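Okay, here's what each chain looks like letter by letter:
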Amino acid sequence: MFTLTQAEQIQDAGEKNYLIHEKGLWSWLTTVDHKRIAIMYMIAVLTFFLIGGIFALLIRLELFTPGQTIVSPDTYNKFMTFHGAIMVFMVIIPAIPAIFGNFVLPIMLGAKDVAFPRLNLASWYIFMIGAILAASTLFLGGVDTGWTFYTPYSISTSTNVVLTVLGAFTMGMASILTGLNFVVTIHKLRAPGQTMSRIPLFVWAIYATSIIQILATPVLGITLLLIAAERILGVGIFDPTLGGDPVLFQHFFWFYSHPAVYIMVLPAMGIISELITTFSRKTIFGYTAIAYSSFAIAGVSFIVWGHHMYVSGQSEFAGKLFSVLTMLVGVPTAIKLFNWIATMYKGSIRLDAPMLYAIGFMFLFTIGGLTGIFLASLGMDVHFHDTYFVVAHFHYVMVGGTLMAFTGGLLYWFPKMFGKMTSDTLGRISWVFVFTGFNVTFFPQFILGAMGMPRRYYDYLPEYTSLNQISTVGSWLIGLGFVIVLIAIIKAFISGEKASANPWGGKTLEWKTASPPHYENFETTPVVTEGPYEYR
Amino acid sequence: MFSLHFTVLANTFMPVQGSEIAVDVDYHYAFLVISSLIAFIILIGGMTLFIVKYKRQTENDKTAYISHNHFLEFLWSFIPFLIVMGVFYWGKVIYDKHRTFPEKAEEIHVIAQKWAWEFKYKNGVSIESAKGEVLHIPVGKPVRFIISSRDVLHSFFIPGFRNKQDAIPGRFTSMWIEAKQEGEYQVFCAEYCGTGHSNMPARIRAVAPEAYVAWLEEKKANTPVDPNAGNEMAMKGASLYKELGCSGCHTVASDAPKLSGPSWVGLFGSKREFADGSSVVGDENYIRESILNPMAKIVKGYAGIMPPYVGRVSDEEIDNIIEYIKTLK
């Protein structure tokens, strides 16, 4: 796909390997190398994932029986809020763009670094400040509003809303700066010959994501500051007793948070495009359609927020408008699924652990997408809104989609990042637990939702017990699955086989440099002469 | 045979169907489940087939080079588009039924608070979920709920009727149901409201219309004599009309001379035309706004001279005044 002389196609960067090129903690904390910043994000995000995951297990444990199982209702409400807020703002939103976007995007373009390396480091610090602010509520009274901070509850609750909100606000700043950095990088730092029609689909997905991050996040920032202003200064914006409008908050909040759903899932789709082509050893079917569909999803995502509000008291006309617009999301999503499957047609498919995760994504994301159509329908959603059906649906998309793709991407790029192979056997075993556990946990929740069990419930009717117990057992399987992923990673660091430059037979640029890469990515700037998936 | 399966599937896992609309919703649901299953089998079945059929044989496998196919791509964009538009339309038809309020409905006020429901009938009977009392509704007659909240957001959710509506402080929302047979139905709060969110259930019992009237009479007779509880909402509204000084500017008799404010006769449900040329239908929210913030909408032909009543009149008093205005035909 591109030309390098024999001497330049090194398998081992030796002392110039980015991991050991400079030594000591200080060299990491002051680094402007996009690869090191990616690793620092990875350490932070995986830590938060562990914390958010523990809260998930605690929530499911409490729901093992009706009434009190382990904690009081107030504690449960805090667990639920921590789980949601940590997983959304500190794990799923930053995970793929900040870790893999940072690590592989510049290499895929043939660049030495992102466009603004210092700004990139600044983003990491801003993210960490925000994360620490938000996480400190764990020890400072907690917060019990749910991750959505709906008013007027969030104005009136005695828990520590301001700190969490300021944390989310600060992390939003980091998200905007990262998005900006990527957009400029994609436009200005492509290697010679790397035209826009030759950049990998992961890059296209991150590009579409970055645009949402830049345009939507400021609205969340303003909204969260308005909550803080209302709580601290008593300015009446959302609180009806001060003359405010509580439903206005929902409009503001979802104007960001619906596009944010696509900040979470578009990069995952980008990873899937990479995994499917590499492990099918076949060129992507419909490159242009997949790239454009990311932008179609990003564009439509801005005009569908009201589908979270069908029963909120918004006008009936608005409900219908948002319903028909929401239905449109189904089209580019279907295009992607069909294109990926068409890519596998007449391929040469190998089910290594990363590909298994991609297959898992396809399976679960299809269910997540199809149930999204149920919820987009007005007549159906009036019943399903705020029930467990919604909980099941978005977990199929966020966990079944994004987290499966993330784990697939982690196992796929791990050899590139650290120069060590993870055990494929452990990877496959972890997949069995995560995939099975996921379905055992969340499929019963569709049924609970149909039966009418509302979400965010600490206690439930006796007839919901058995399904809740199945769901809780499933959560243990997922937990075990991720422990096995962790073991596979630790084992790779200790005794992992040395990775070659291109262990999976990938065609994109990151597989043309050493594992781990040279601190400037390539010895000499590559020249690109063909598309990203030329398996001929 | 197919229709039988369809019907069976429609009811699977869904709560008892309380109304005709619930039956419609369940058919829609059954259609979605079946069509999703078909879509799932096409997508994931196809994928599984390819995984098995095109398994990697050697490390030097040659693969076909297929970059795109416009006809196929058009098909799998356009067919899903048609299907989702169909689903939208079906969902809209059901939603329209939910949102088209019958002319003559039994009206019951629903007041949510942390963490209980209060239901108020026009004759002054009040049902409190916290005391374990059961809300009664007549079978075969539409019931309109006028929903409000005393504190934070709640949501009035009756799974048996496949209907819910948020309760919002400082605003009225409404929904209607019509029970098709006698039975008991569960009510949940569906909008997160804090500690007792999962602990504010209520029960609705649908009974024959005669039994409903008898129950309401009996409840009223058993209501303890108390200066307020003995009065109907509209009667309280009538006394507030005098106490708050409304009578100085608004008439309540159709033959009375014009005063400085618009007459209340026929106000409810009529089209209100304003000085700025706009208009709305005089509903609960309009009256509420006109009491609290009279300058927001000035009726054509009148001067904006009414003082705002915000802080001088409680939500409950506004409810009563509205019920009183409704009686002035």
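For clarity, every value in this text was computed on a predicted model and none was experimentally measured.

Reading the values: the criteria
Residues numbered from 1 in each chain as written. Chains lettered and ligands numbered in written order. Predicted model: local features only at pLDDT ≥ 70, side-chain atom pairs only at ≥ 80, totals over all residues. Helix = DSSP H or I, 4+ residues; strand = E, 2+ residues; numbered from the N terminus. Rg over C-alpha atoms; globule rule 2.2 N^0.38 Å. Buried ≥ 20, exposed ≤ 12 C-beta atoms within 10 Å, placed from the backbone. Contact = placed C-beta atoms within 7 Å. Domains from an automatic or database assignment. Pairing = 2+ DSSP bridges. Axes fitted to C-alpha atoms, helices over the stretch in contact; angles between N-to-C directions. Expected span 1.5 Å × (residues − 1). Bend = angle between axes of the 7 residues up to and from the residue. Parallel < 35°, antiparallel > 145°, perpendicular 65-115°, else oblique. Left-handed = near helix turned anticlockwise from the far one by under 90°. Nonpolar A, V, L, I, M, F, W, Y, C, P; charged D, E, K, R; others polar. Core = buried A, V, L, I, M, F, W, Y, C linked by C-beta atoms within 7 Å.

Undergrad: Got a sec to walk through the overall build of chain B? Specific residues and values, please.
TA: Within chain B, the regular secondary structure consists of seven helices and twelve strands. By the compact-globule yardstick of 20 Å for 329 residues, chain B is too spread out, its C-alpha radius of gyration being 27 Å. Dimensions of chain B, computed from the C-alpha atoms along their principal axes, are close to 95 × 50 × 40 Å. Burial statistics for chain B: of 329 residues in total, 33% are counted as buried.

Undergrad: Pulling in residues and values, what's your account of the overall build of chain A?
TA: For chain A, the count of helices and strands is 15 helices and two strands. In terms of C-alpha radius of gyration, chain A reaches 23 Å, essentially the compact-globule figure of 24 Å for 536 residues. The C-alpha extent of chain A, read off along each of the three principal axes, is 70 × 45 × 45 Å. By residue count, 64% of the 536 residues in chain A fall in the buried class. Taking contacts inside chain A between residues at least 6 apart in sequence as the whole, the part at least 24 apart equals 85%.

Undergrad: Tell me about the domain arrangement of chain B, and please be specific about residues and values.
TA: All names here are of chain B. You can read the domains of chain B as domain 1 (2-53 + 67-99), domain 2 (106-222) and domain 3 (233-327). Taken over C-alpha atoms, the centre of domain 1 sits 33 Å from the centre of domain 2. Counting residues at the interface gives nine residues for domain 1, matched by twelve residues for domain 2. Per element, the largest residue contribution to the side of domain 1 that touches domain 2 is four residues, and it comes from helix H2 (residues 20-53).

Undergrad: For unusual backbone geometry, give the residues involved together with the corresponding values.
TA: Residues and elements named next belong to chain A. For the bond from Thr151 to Pro152, the omega torsion is -5 degrees, close enough to zero to count as cis. With respect to the element layout, Pro152 can be found in the loop between helix H4 (117-136) and helix H5 (153-156). Omega for the bond connecting Ser515 with Pro516 falls within 30 degrees of zero, at -10 degrees, which places this linkage in the cis form. Relative to the helices and strands, Pro516 resides in the loop between helix H15 (465-495) and strand E2 (527-528). The backbone of Phe149 sits at a positive phi, close to 55 degrees, despite the residue not being glycine. The residue Phe149 is located in the loop between H4 and H5 in this model. Backbone geometry places Arg281, a non-glycine residue, at a positive phi of 50 degrees. Within the secondary structure, Arg281 sits in the loop between helix H8 (246-280) and helix H9 (287-301). For Arg281, a count of 23 C-beta atoms within 10 Å puts it in the buried group.

Undergrad: Which residues make up the sheet that holds strand E10 (residues 202-207) of chain B, and what values go with them?
TA: All names here are of chain B. As summarised here, the arrangement of the five strands in space is E4-E10-E9-E6-E7, forming an open sheet in which the pairing is mixed. Among the strands making up the open sheet, the edge pair consists of strand E4 (134-138) and strand E7 (163-167). Averaged over all adjacent pairs, the angle separating strand axes in this sheet is 25 degrees, with direction ignored. As paired elements, strand E6 (residues 154-158) and E7 share five bridges and run antiparallel to each other. Bridge pairing in E7 places His154 opposite Ala167. The sheet strands contacting helix H4 (residues 209-222) are E4 and E10, and the helix crosses E4 at an angle near 135 degrees.

Undergrad: So what's going on with the pairing of E7 of chain B? Which residues, and what values?
TA: Along any regular strand, the residues point their side chains to alternate faces of the sheet. The element E7 of chain B is extensively covered by neighbouring structure, given that five of its five residues are classed as buried. Joining the antiparallel neighbours E6 of chain B and E7 of chain B is a turn of four residues, in which Arg162 of chain B adopts a positive phi near 55 degrees.

Undergrad: How would you summarise helix H7 (residues 201-233) of chain A if you had to cite specific residues and measurements?
TA: All names here are of chain A. Here H7 is 33 residues long and its end C-alpha atoms lie 47 Å apart, about the 48 Å a rise of 1.5 Å per residue gives. Its maximal kink placed at Ala216, H7 deviates by approximately 35 degrees, while the proline Pro218 follows within four residues. Of the residues flanking the end of H7, it is Gly234, one or two places downstream, whose phi is positive at about 70 degrees.

Undergrad: Residues and numbers for the pairing of E6 of chain B, please.
TA: All names here are of chain B. The buried fraction of E6 is high, at five of five residues. Covered by surrounding structure in E6 are His154, Phe156 and Ile158 together with Ser155 and Phe157, the residues of both alternating faces. Judged from the two bridges that link them, E6 and strand E9 (residues 183-189) form a sheet pairing that is antiparallel. From the neighbouring strand, Phe157 faces E9, where its bridge partner is Phe188.

Undergrad: Give me the sheet that holds strand E8 (residues 173-177) of chain B: which residues, what numbers.
TA: Residues and elements named next belong to chain B. What the five strands build is an open sheet, ordered E3-E2-E1-E5-E8; its pairing is mixed. For this open sheet the edge positions go to strand E3 (126-128) and E8, each flanked by a neighbour on one side alone. If you compare each strand with its neighbour and ignore which way they point, the axes differ by 25 degrees on average. Looking at chain direction, strand E5 (residues 143-149) and E8 are connected through five bridges and run antiparallel. Residue Phe145 lies in a different strand from E8, and its bridge partner there is Met175.

Undergrad: Tell me about helix H13 (residues 388-418) of chain A, and please be specific about residues and values.
TA: Of all the bends in H13 of chain A, the largest measures some 40 degrees and sits at Tyr412 of chain A, one to four residues before the proline Pro415 of chain A. H13 of chain A sits mainly inside the fold: 28 of its 31 residues count as buried.

Undergrad: Explain the packing of helix H2 (residues 34-62) of chain A against H15 of chain A to me, using residue names and the numbers behind them.
TA: All names here are of chain A. Running from N to C, H2 and H15 cross one another at 160 degrees; their axes reach a closest spacing of 9 Å. By the angle between their axes, H2 is roughly antiparallel relative to H15. Note that H2 runs across H15; the crossing there is left-handed. Of H15, the residues touching H2 (which contributes Gly53, Ala56, Leu57, Arg60 and Leu61) are Ser471, Thr472, Ser475, Gly479 and Phe482. Looking at the contact of H2 with H15, its residues break down into four nonpolar, five polar and one charged.

Undergrad: So what's going on with the environment of Gly183 of chain B? Residues and values would help.
TA: Residues and elements named next belong to chain B. On the secondary structure map, Gly183 appears in strand E9. On the neighbour-count criterion, Gly183 (15 C-beta atoms within 10 Å) is partly exposed. The sequence separation of Gly183 and Ile204 amounts to 21 residues, and the corresponding C-alpha distance is 8.3 Å. Residues within four places of Gly183 in sequence aside, it is in contact with Val16, Gly18 and Ala206.

Undergrad: Please provide a residue-by-residue account of the packing of H8 of chain A against helix H10 (residues 316-344) of chain A, values included.
TA: Residue and element names in this part refer to chain A. The interhelical angle for the contact between H8 and H10, taken along N-to-C directions, is 15 degrees, at an axis separation of 9 Å. One way to sum up the angle between H8 and H10 is to call them roughly parallel. The interaxial crossing formed by H8 with H10 has left-handed handedness. Here Met269, Ile272, Ile276, Thr277 and Ser280 of H8 come into contact with H10, specifically with Lys336, Trp340, Thr343 and Met344. Here the contact of H8 with H10 is built from residues that sort into five nonpolar, three polar and one charged.

Undergrad: Outline the interface of chain B and chain A, supporting the account with residue identities and numerical values.
TA: With 68 residues of chain B in contact, the opposing surface of chain A contributes 72 residues. Of all elements in the fold, only H2, helix H3 (70-99), E6 and E7 of chain B reach the threshold of two or more residues within the side of chain B that touches chain A. At 16 residues, the largest contribution of residues to the side of chain B that touches chain A is made by H3 of chain B. Residue classes in the side of chain B that touches chain A are distributed as 37 nonpolar, 20 polar and eleven charged.

Undergrad: Mind laying out the nonpolar core, listing which residues take part and the relevant values?
TA: Counting residues in hydrophobic clusters, the biggest one holds 236 residues, and the most contacted among them are Val203, Ile272 and Phe361 of chain A. Sort the elements by how many residues they give to this core and helix H3 (residues 73-109) of chain A lands first, with 24 residues. Domain assignment of the residues forming this core places at least three in each of domain 1 (2-53 + 67-99) and domain 2 (106-222) of chain B. One finds Ile321, Tyr324, Ile325 and Leu328 of chain B within the second-largest nonpolar core, a separate group that totals eleven residues.

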